[in-house]
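Here are the chains, one letter per residue:
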Amino acid sequence: MPYMKGGKRDYKTEYNKYHARDEQKKNRSNRNKARRLVAKAKGQAAIKGKDIDHRKPISKGGDNGLSNLFAVSPSKNRSFKRKSNGKMA
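Residues numbered from 1 in each chain as written. Predicted model: local features only at pLDDT ≥ 70, side-chain atom pairs only at ≥ 80, totals over all residues. Heavy atoms only, no water.

## Quick look at the overall build of the protein chain
Helix and strand counts for the protein chain come out as four helices and four strands. Traced from its N-terminal end to its C-terminal end, the protein chain shows the element sequence β-β-α-α-α-β-β-α. The globule rule puts the C-alpha radius of gyration for 89 residues at 12 Å, and the 16 Å found for the protein chain is more than 25% above it. With the C-alpha coordinates of the protein chain rotated into their principal frame, the extents come out at 45 × 35 × 25 Å. The buried share of the protein chain, reckoned over its 89 residues, is 16%. (Helix = DSSP H or I, 4+ residues; strand = E, 2+ residues; numbered from the N terminus. Rg over C-alpha atoms; globule rule 2.2 N^0.38 Å. Buried < 20%, exposed > 50% of the residue type's maximum accessible area, 1.4 Å probe, protein only.)

As structure tokens, this is what we get:
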């Protein structure tokens with residue numbers, strides 16, 4: 001990891017060099033907005049402990065509209081298949 005010092009993660013440096021960038025703040029804001037939208041439509045209990053995922057990813061032309069969002073378990077949302085070269089399948 002680029003933010004490791006002596007085997008420990010340097011969270012302050014990581015935040016300053018990555019998470020504090022305007023682009024990352026905008027992405028975080030969009031994720032929070034999508035989560036609030038789904039919570040309002042389906043109820044807070046429906047999304048408790050779950051991730052909000054996109055049916056059509058934003059990178060492929062999807063949006064943060066309610067019809068493109070759904071709640072899914074974190075283990076399912078964060079697992080994906082990779083090709084032999086390490087890229088996503």
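## Some points on the confidence of the model for the protein chain
Model confidence for the protein chain is summarised by a mean pLDDT of 85, while 91% of its residues fall at 70 or above. Element-level mean pLDDT values for the protein chain span from 74 in strand S1 (residues 4-5) up to 91 in strand S4 (residues 69-72). (pLDDT = per-residue confidence, 0-100.)

## Here's the deal with the pattern of salt bridges
What the rule picks out here adds up to three salt bridges. Of the charged contacts in the structure, one is a salt bridge between Glu14 and Arg9, with a shortest N-O distance of 2.8 Å. The class for Arg9 is partly exposed, based on a relative accessible area of 36%. (Salt bridge = Lys/Arg side-chain N within 4 Å of Asp/Glu carboxyl O.)

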